[in-house]
Each structure stands twice: as structure tokens, then as C-alpha cells.
Protein chains: 2
Amino acid sequence: MARGRPRSFDRDAALDGAMRLFWTRGYQDTSISDLTEHLGIASPSLYAAFGSKSALFCEAADLYQAREGGRPGVALAAAPTARAGVAALLRENVALFTRRGGPRGCLLTRATLSCPPSDTAVVEYLDRSRRDRLTALRSRFRAAAAAGEPLPSDDHDTLAQHYDAQVQGLAVRALEGAPRAALLRTVDLTMTAWDAMTTR
Amino acid sequence: MARGRPRSFDRDAALDGAMRLFWTRGYQDTSISDLTEHLGIASPSLYAAFGSKSALFCEAADLYQAREGGRPGVALAAAPTARAGVAALLRENVALFTRRGGPRGCLLTRATLSCPPSDTAVVEYLDRSRRDRLTALRSRFRAAAAAGEPLPSDDHDTLAQHYDAQVQGLAVRALEGAPRAALLRTVDLTMTAWDAMTTR
DNA sequence: CCTTTTCTGTAGTGGTCGGTACATATTGAG
DNA sequence: CTCAATATGTACCGACCACTACAGAAAAGG
């Protein structure tokens, strides 16, 4: 098994580096030259390992969602209440979007607004991941309602879109340079609003 | 006066077309070839009239803010209360971001997430316009507080960032294809939250 | 050993990018 | 009319894009 010359680089490490680069610069503004330079891998090796720029991005985005975006997602699902879940989702995302030494903002939001419509593979990937996020939120609200938890609204779909939009807004502001403390203050306001709508 | 061969196209109309194109495709994904083709103007004439791609974008963004973004801005300032101002700001922006036959989303938000950091002129322009938006919101809240209007929070800066983020979230969702009615439902939720926080 | 398979480095491919040199055309000034 | 000034169309610039042809290197199977 494993005939032929062995690969001279760590595929997972290369994917991790590609993820960081796409996260930092966005999809369109990250060139193959940038990748080959930062990863120390010549382009033929890159193409042999990942296929194309868009396929590499999709794999990098998978890694982003599994490792980085995983924490907020898990926090939403694992919290005992929808309120605690949404609060944790927002706070974990703020931490993720403003991590010291890490790229700012959200890899997916940035790609959504910067990838050319002609790159259908990436556009479809991003659309799918957005639907998954909304579904996760919606089902969390449905479960909470079934458990008798008071919610800001009975319209779970609108709730899901509203709180997903909060995350997107945080991502845009983080990229604009808003400090972590400022983002957390608006998260506090969002949760104050939740309480005001549920305890009245 | 006005020596030399006269310009053979309407500069304002060309600027309007450029604005629509930048709005539709973003900054980076709108090429000079796209512009020359859609405007019917060869590139030397374009450069003679506007200087460079980034200068053309800044002029187009000025036009966007004056004509299109002007309505939401005026709505915020002109409303009798901060609450009515914020509600009008959000609803006017939803209308703007989902206008039939027009580009979706916000020209500025899209450019913020898609313009390469190397294009400092555009980056600085976008940063300035963001600060102006926040200032407009902040001073509206300050005026409301001085007039005795109850607000969701005494921290006017956080309020400004929160409601500006609402607009950005709406812009991202509009670009993702969210229908106008769905955006308006989340605006209703946002204003329900305002009322819950001010009337408790 | 030799062959097959796979990867690597060099050196490109055609295409598009933002921007421009240049000759020509069209105006007002004198 | 002549001249200076400005705009136009053609045709091009070097730089960069995503991507790849090709020859040689490094492994396993025989």
C-alpha cells in the first residue's frame, strides 16, 4: 500500500494554514501565490492534494466549522435553556471573532460577501452552511418551546434569523476593528432585550 | 471657457451606472472592463473623468450615501423620537436592500468585507463612513435622552453600535437572498425588544 | 535490479487585471 | 485660419490570476 513517492508535507497542517489565510484575507483576495508562499508548498503539490482553489476553500471552511465554529455551535445545543444557548453562542462567537493572534471576524461571513458569484461551488457551500446554522437555531427554539421555556417570540423561524443576524453583525463589526469589550456590551444589550421580552 | 473637445458622455449618468455596478458586484469583483462595457465608455475616458478605480468607487459611494442611503439617514434624524427614528432607519434600509429591480444589500457593507486591505483609499473611505453612521446614531440618542425619551440603555455608544449592527445584519441577509417580509419580521422583533426594554 | 505509481520543482499556459501611450478628433481662444 | 487644450478610440503595458505540462525524484511491488 501507499505506492509512489510520499507526500512531503503534512496535509492537515497545510489545510490549517490555508484556513487561517482564507480567514484573514477572504476568499477572493487570497491567491494561490499567497498560499504557496505561506504554506511552503508549490502549486502543483497544492493542486494534487486539494484539487482546486474552491475545493481547498470548502475543505478549509469545513475545518473552520468543525474546530473554530464548533464551540459556538456546541454551546448553543448543549446549554440547558435556549436563552443560555443564545447567550453562549453570541459570547463564544465574540471570543472567536476577536481572538488575540487570530484573524478577526468570521471566515464564512467574509467569504459570503466577497466571493464572486461565478464560483458556484463556493457560493453553494456557503448557502448550505447558512441553512445549517438557521436550522440549528430553529430546532433549539423548538425544543425550548416544547420544554415550556418562555421565548421572545413564538415565530421560531424569525427568532433564528434574528439571532443569526446578530452573529453576522458581530462578525462585520469585528472585522471593522471593534474591540472585544464593545462587542460584548452589545451582546449584553441583546440578552437584556431577551429578558425584557420574556419576563414582561 | 471650456476649451478643448467636450466630453461625449454624461458624467453623472456614468457615475450612477458605476454605483449600480459596484452595488451589484462589490468593489473587487467589479472590473474596469465591466464598467467600460456597461457604461459604454472606453477606459481612457473613464480614467480622465474619475482618476482611478478607487476614486471612482469613492465618488460612487458618495452618490450612494447621498441619494440611496440618504433616506434612511434622514428618516433617523427627522423622526420625532429616537424610537421612531430607529424603526424608520431599519425599515427604510430593508426597503433599500430589497428594492425590486435594484441591487440587493448595502454597497458599503459589501465593500467593507470585499475590498482588499491594500486599497487604502477605499478602506479609509469606508472607515470614515462607518464612523459617520455611528455618530449620527449616537447624537440621535443623546438628543432623545435630553428630551426625556426613555431608551433601552443609557450607554448611547453601545446603542449606536447595536443598531448599526442590526443594519449590517440586514444587509448581509438581504445579499444572502432573504425576502423582504422576513427582514421586516426581524425588524418588528427588534422594535418589540425596544419597547420591552423601555416600558418595563 | 526494473517497473509502476505517486509526488515535487521548474517553468510555463492563456486570460484578466488596473492603468496608459499615442495618434486623432473636436472644441474655444486669438 | 492657426494654435492650444481637452476628449476619444485603438492598442497596448507589465503584473498577477488560477492552473498545468513536463521531467525528474522517491517510494512499493515484482
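Since this is a predicted model, take the numbers as computed values, not measurements.

## So, the protein's contact with DNA strand D
Now for step 1: The environment of DNA strand D is formed by 24 residues, the closest being Ile32, Tyr47 and Lys53 of chain A together with Arg3 and Ser8 of chain B.
Now for step 2: Within 4 Å of the protein, the contacting atoms of DNA strand D are 72% sugar and phosphate, with bases supplying the remainder.
Now for step 3: Within the backbone of Ile32 of chain A, one N or O atom sits 2.8 Å away from a phosphate oxygen of DNA strand D.
Now for step 4: Lys53 of chain A places a polar side-chain atom, nitrogen or oxygen, 2.7 Å from a phosphate oxygen of DNA strand D.
Now for step 5: Looking at the surface near DNA strand D, the elements with two or more residues in it are helix H2 (32-39) and helix H3 (43-50) of chain A together with helix H3 (43-50) of chain B.
Now for step 6: Here the surface near DNA strand D gets three residues from one element, more than from any other, and that element is H3 of chain A.

## Section: the packing of aromatic side chains
Now for step 1: Counted according to the given criterion, the structure contains 14 aromatic pairs over all chains.
Now for step 2: On the basis of an interplanar angle of 80° and a centroid distance of 4.9 Å, the ring pair of Trp23 of chain B and Tyr64 of chain B is categorised as edge-to-face. Here the residue Trp23 of chain B occupies a position in helix H1 (residues 11-25), and Tyr64 of chain B occupies one in helix H4 (residues 53-68), the gap between them amounting to 41 residues.
Now for step 3: With relative accessibility at 1%, the residue Trp23 of chain B sits in the buried group.
Now for step 4: Among the aromatic residues, those joined into a cluster by ring pairs are Phe22, Tyr27 and Phe57 of chain A.
Now for step 5: Here the guanidinium or amino end of Lys53 of chain B rests over the ring plane of Tyr27 of chain B, the centre of that ring lying 4.7 Å away.

## Things to note about helix H10 (residues 180-198) of chain B
Now for step 1: Between its terminal C-alpha atoms H10 of chain B stretches 27 Å, which fits the 27 Å expected from 19 residues at 1.5 Å a residue.
Now for step 2: Of all the residues in H10 of chain B, the buried ones are Ala182, Leu183, Thr186, Val187, Leu189, Thr190, Met191, Ala193, Trp194, Ala196, Met197 and Thr198 of chain B.
Now for step 3: Contact partners of the buried residues in H10 of chain B: helix H9 (156-176) and helix H10 (180-198) of chain A together with helix H6 (82-97), helix H8 (120-146) and helix H9 (156-176) of chain B.

## Thoughts on the environment of Lys53 of chain A
Residues and elements named next belong to chain A.
Now for step 1: In this fold, Lys53 is placed in helix H4 (residues 53-68).
Now for step 2: With 94 residues separating them in the primary sequence, Lys53 and Ala147 have C-alpha atoms 45 Å apart.
Now for step 3: Here Tyr27 takes part through its backbone oxygen, which lies 3.2 Å from a polar atom of the side chain of Lys53.

## What about the environment of Leu107 of chain B?
Residue and element names in this part refer to chain B.
Now for step 1: When you line up the elements, Leu107 lands in helix H7 (residues 107-114).
Now for step 2: Classification of Leu107 by relative accessible area gives buried; the value is 1%.
Now for step 3: In this structure, the C-alpha to C-alpha distance between Leu107 and Arg25, residues 82 residues apart in sequence, is 8.9 Å.
Now for step 4: Not counting residues within four places of it along the chain, the set of residues in contact with Leu107 comprises Met19, Phe22, Trp23, Phe57, Ala61 and Tyr64.

## A look at the UniProt feature "domain: HTH tetR-type" (unreviewed entry) in chain A
Now for step 1: With numbering matched to this structure, UniProt assigns "domain: HTH tetR-type" (unreviewed entry) to residues 8-68 of chain A.
Now for step 2: A helix fraction of 77% and a strand fraction of 0% characterise residues 8-68 of chain A, whose end C-alpha atoms lie 27 Å from each other.

## Let's talk about the interface of chain B and chain A
Now for step 1: Between chain B and chain A, the contact holds 39 residues from the first and 39 residues from the second.
Now for step 2: Taken together, the two surfaces of chain B and chain A that pack against each other cover about 3,300 Å², and 61% of this comes from carbon and sulfur.
Now for step 3: Broken down residue by residue, the surface that chain B buries against chain A is led by Leu113, Glu176 and Leu189 of chain B, which jointly contribute 21%.
Now for step 4: At the boundary of chain B with chain A, the tally comes to four salt bridges.
Now for step 5: Taken together, chain B and chain A are joined by nine residue pairs in polar contact (both at pLDDT 80 or more).
Now for step 6: Secondary-structure elements contributing two or more residues to the side of chain B that touches chain A are H7, H8, H9 and H10 of chain B.
Now for step 7: A per-element tally of the side of chain B that touches chain A places H9 of chain B first, with 12 residues.
Now for step 8: Of the residues in the side of chain B that touches chain A, the class split is 13 nonpolar, 15 polar and 11 charged.

## Examining the relation of the copies chain B and chain A
Now for step 1: After a rotation of 180° and a shift along the axis of 0.0 Å, chain B superposes on chain A with an RMSD of 0.0 Å. Here the two chains are linked by the operation of a two-fold rotation axis.
Now for step 2: The share of interface residues of chain B whose copies in chain A are also at the interface is 100%, consistent with both copies meeting through the same surface.

## Some words on the UniProt feature "DNA-binding region" (unreviewed entry) in chain A
Now for step 1: The positions UniProt marks with the feature "DNA-binding region" (unreviewed entry) are residues 31-50 of chain A.
Now for step 2: Taken end to end, residues 31-50 of chain A comprises 80% helix and 0% strand; its first and last C-alpha atoms sit 15 Å apart.

## A closer look at the nonpolar core
Now for step 1: Phe141 of chain A together with Phe141 of chain B are the most contacted members of the largest nonpolar core, which has 121 residues in total.
Now for step 2: Dropping the residues within four chain positions of it, Phe141 of chain A is found in contact with Ala82, Val86, Leu151, His156, Leu159, Ala160, Tyr163 and Trp194 of chain A.

## Examining the confidence of the model for chain A
Now for step 1: With 99% of its residues at a pLDDT of 70 or more, chain A has an overall mean of 97.
Now for step 2: Two numbers describe this predicted complex: its pTM, 0.95, and its ipTM, 0.94.

## Comments concerning the pattern of salt bridges
Now for step 1: For the coordinates displayed, the defined rule picks out 28 salt bridges over all chains.
Now for step 2: Between Arg83 of chain A and Asp195 of chain A there is a salt bridge; the shortest N-O distance is 2.6 Å. Residue Arg83 of chain A is located in helix H6 (residues 82-97), and its partner Asp195 of chain A is located in helix H10; the two are separated by 112 residues in the primary sequence.
Now for step 3: Residue classification places Asp195 of chain A among the partly exposed residues on the basis of a relative accessible area of 26%.
Now for step 4: Of the charged contacts in the structure, one is a salt bridge between Arg138 of chain B and Asp157 of chain B, with a shortest N-O distance of 2.8 Å. Here Arg138 of chain B, found in helix H8, pairs with Asp157 of chain B, found in helix H9; they are 19 residues apart in sequence, far enough to count as distant.
Now for step 5: Residue Arg138 of chain B is classed as partly exposed on the basis of its relative accessible area, which comes to 27%.
Now for step 6: Several salt bridges converge on common partners, so that one network encompasses Asp16, Arg67, Glu68 and Arg99 of chain A.

About the thresholds
Residues numbered from 1 in each chain as written. Chains lettered and ligands numbered in written order. Predicted model: local features only at pLDDT ≥ 70, side-chain atom pairs only at ≥ 80, totals over all residues. Heavy atoms only, no water. Near = heavy atom within 4 Å. Polar contact = N/O pair within 3.5 Å; in protein donor to acceptor, adjacent residues only side chain to side chain. Helix = DSSP H or I, 4+ residues; strand = E, 2+ residues; numbered from the N terminus. Phe/Tyr/Trp six-rings, centres within 6.5 Å; stacked < 30°, edge-to-face > 60°. Buried < 20%, exposed > 50% of the residue type's maximum accessible area, 1.4 Å probe, protein only. Lys NZ or Arg CZ within 6 Å of the ring centre and 35° of its normal. Expected span 1.5 Å × (residues − 1). Contact = heavy atoms within 4.5 Å. UniProt positions renumbered as here; feature names shortened; annotations may be inferred. Buried area = accessible area lost by both parts, 1.4 Å probe. Salt bridge = Lys/Arg side-chain N within 4 Å of Asp/Glu carboxyl O. Nonpolar A, V, L, I, M, F, W, Y, C, P; charged D, E, K, R; others polar. Least-squares fit on C-alpha atoms with pLDDT ≥ 70 in both. Core = buried A, V, L, I, M, F, W, Y, C linked by side-chain atoms within 4.5 Å. pLDDT = per-residue confidence, 0-100.

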